[in-house]
Amino acid sequence: MTQRIKALSVHLFTATGAVFAMLAMLAAVQGKWDIMFLWLVVAFIVDGIDGPLARKYDVKTNAKEFDGVLLDLIIDYLTYVFIPAYALFASGLMSGWTGWLAIIVITFASAMYFADTRMKTKDNSFQGFPGCWNMFVLVIFATEPNHWVILGFVIALNIAMFLPIKFVHPVRTERFRKVTLPVALAWVGFAAWAAWGNFNVTPLANLGLIGTSVYLLVIGAIHQATDR
C-alpha cells in the first residue's frame, strides 16, 4: 500500500465521524440518549485516533487535496457541540428559558471558538475550554444535577473558552501525557459504561466519570501555573 493510499485512508477514516454523528442525531431525535452517547463515544475514539495517523502518514503532503483540519473541525462541531447541545435541551434537563439560553450560547460561542486561530498553544494544548460539550453533557446525564447548577457550568465554560487558560490535548500535550492519556482512556471507558447502562449504573461509574473529567478539566491550568 502506497503512502498516498494510506493518507487517503486516514481522511476516509476521519469522515466516518460524520456517519457516527448522524447515527447519534437519529438516536437523539428518538430520545434514545444511551444510544446517542454510545455513538458519540465511538466518534470520540475516532477523533482520538485519526490525528496521530494523519501525522504518521503526512496527509498534508500525501493527500493534500483534502483539508484534514477542516474535515475534523466540521465533524467535531457536530459531535462535540451541536448534538450534545440538542440533547441537553430536548432531554428536559434544563427547563424553560434556561434551556433556550444554554443551546444559544453553546452553539454560538463554540462556532466562534472553533474558528479562532489562537485556539492551539505552542505545546499543543488548547487555549480556552475546547468546546467539549459532549463530555460535559454526558456527565450531566449521568449525575442529573439541578438545572441551575447546569446553567452555571454552561455559562462558566462558555466564558472559559475565551480566557487565556490552557486545557490539555490528551494525545498531543507532552507534559504529564503518561498520566493524562490513561486518564482520558479511563474517561472513555466510564462514559461507555454509563451510556451502556442507560445511566442506571453503579456509583463507581459516575465517580470515575466525575474524577477523570475533573482531572482533564484542570490539569492544563495546573501546567500553566507551574510553568510560571
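By convention here, each chain's residues receive numbers from 1 onward along its written sequence. Restriction of local features to residues with pLDDT of at least 70 applies here, the model being predicted, together with a cutoff of 80 or more for giving and counting side-chain atom pairs; totals for whole chains, interfaces and linings are based on all residues. Each side-chain value is worked out from all heavy atoms of the structure, with water and hydrogens disregarded.

Caption draft 1: Quick look at empty space enclosed by the protein. A pocket, in this scheme, is an open set of points on a 1 Å grid over the protein atoms alone with protein on both sides within 12 Å along at least 5 of 7 lines, while a cavity is a set where a 1.4 Å probe fits but cannot get out; residues line either one if an atom lies within 4 Å of a point. Grid points are joined across faces, edges and corners, and a volume is the space filled by probe spheres set on the points. For the structure on display, the rule yields two cavities of 30 Å³ or more. Each pocket or cavity is described by its volume, and for the largest cavity that value is around 60 Å³. Lining of the largest cavity is provided by T14, G17, A43, V46, D47, D50, D72, I75, D76 and T79. Numbering of helices and strands starts at the N terminus; helices are DSSP runs of H or I of at least 4 residues and strands are runs of E of at least 2. Among the elements of the structure, α1 (3–29), α2 (33–56) and α4 (68–90) are those that each provide at least two residues to the lining of the largest cavity.

Caption draft 2: Representation of helix α5 (residues 96–114). Taking 1.5 Å per residue, 19 residues should reach 27 Å; α5 reaches 28 Å between its end C-alpha atoms and fits that length. A simple rule labels every residue: compare its accessible area, found with a 1.4 Å probe on the protein chains alone, to the largest value its type can have, and call it buried under 20%, exposed over 50%, or partly exposed in between. Listing the buried residues of α5 in full gives T98, G99, A102, I103, I106, A109, S110, Y113 and F114. Along α5, the residues classed as buried sweep out an arc of 165 degrees about the axis, all on the same side. Opposite the buried face of α5, by more than 90 degrees, sit the exposed residues W97, W100, I104 and F108. Contacts are residue-level and defined by heavy atoms, with any inter-residue pair within 4.5 Å sufficient. Structurally, α5 contributes buried residues whose contacts are with α4, β1 (126–127), α6 (133–143) and α7 (147–160). Given the number of residues in a helix, its expected span is that number minus one, multiplied by 1.5 Å. An arc is given here, and it is the one of the directions from the helix axis to the C-beta atoms.

Caption draft 3: Structural detail: the packing of α1 against α2. Every axis corresponds to a line fitted to the C-alpha atoms, with the helix fit spanning only the stretch in contact, and the corresponding angles, defined between N-to-C directions, vary from 0 to 180 degrees. For the pair α1 and α2, the least separation of the axes is 8 Å and the interaxial angle reads 165 degrees. By the angle between their axes, α1 is roughly antiparallel relative to α2. Here α1 runs over α2; the crossing is left-handed. Along the contact surface, α1 presents V10, F13, T14, T16, F20, L23, A24, A27 and A28, while α2 presents W33, I35, M36, W39, L40, V42, A43, V46, I49, D50, L53 and A54. Considering only residue class, the contact of α1 with α2 consists of 18 nonpolar, two polar and one charged. Our angle categories are set so that under 35 degrees counts as roughly parallel, over 145 as roughly antiparallel, 65 to 115 as roughly perpendicular, and the remainder as oblique. Each helix crossing is assigned a hand: it is left-handed if the near helix lies turned anticlockwise from the far helix by less than a right angle, otherwise right-handed if that turn is clockwise. Classification used: nonpolar for Ala, Val, Leu, Ile, Met, Phe, Trp, Tyr, Cys and Pro, charged for Asp, Glu, Lys and Arg, polar for all others including Gly.

Caption draft 4: Looking closely at the pattern of salt bridges. Any Lys or Arg side-chain nitrogen found within 4 Å of a carboxyl oxygen on Asp or Glu counts as a salt bridge. Inspection of the entire model under this criterion finds three salt bridges. Of the charged contacts, one joins D116 and R118 as a salt bridge, the two residues approaching to 2.9 Å between their closest N and O atoms. Residue class for D116 comes out buried when judged on its relative accessible area of 16%. On the basis of relative accessibility, which here comes to 56%, the residue R118 falls in the exposed class. Put simply, D123 and K166 hold a salt bridge, and the shortest N to O gap is 3.1 Å. Taken together, the positions of D123 in the loop between α5 and β1 and K166 in strand β2 (residues 166–167) put the pair 43 residues apart, joining distant regions of the chain. Residue classification places D123 among the partly exposed residues on the basis of a relative accessible area of 27%.

Caption draft 5: Region of interest: the nonpolar core. Core analysis: the biggest nonpolar cluster contains 60 residues, and M36, F37, L88, W133 and W187 have the highest contact counts within it. Only α1, α2, α4, α5, α6, α7, α8 (177–196) and α9 (203–227) provide two or more residues apiece to this core. No other element matches the nine residues that α6 contributes to this core. A7, V10, Y57 and V59 belong to the second-largest nonpolar core, a separate cluster that totals six residues. For this analysis, a nonpolar core means a set of buried residues of the types Ala, Val, Leu, Ile, Met, Phe, Trp, Tyr and Cys, connected via side-chain atoms within 4.5 Å.

Caption draft 6: Highlighting unusual backbone geometry. In this structure, F176 is a non-glycine residue whose phi angle is positive, near 65 degrees. Within the secondary structure, F176 sits in the loop between β2 and α8. Among the residues examined, F176 registers a relative accessible area of 40% and is labelled partly exposed.

Caption draft 7: Quick look at a nonpolar patch on the surface. Distance thresholds for patches are 9 Å for like charges and 5 Å for nonpolar side chains (Val, Leu, Ile, Met, Phe, Trp, Tyr), applied to residues having over 30% relative accessible area and no salt bridge. Surface accessibility in these figures is a Shrake-Rupley result with a 1.4 Å probe; residues are shielded only by whichever protein chains are displayed. Where nonpolar side chains cluster on the molecular surface, the patch consists of W97, L101, W148, I155, I159 and L163 and spans about 600 Å² of accessible area. Contributions of two or more residues to the nonpolar patch are made by α5 and α7. With three residues, the top contributor of residues to the nonpolar patch is α7. Mapped onto the fold, I159 is located in helix α7.

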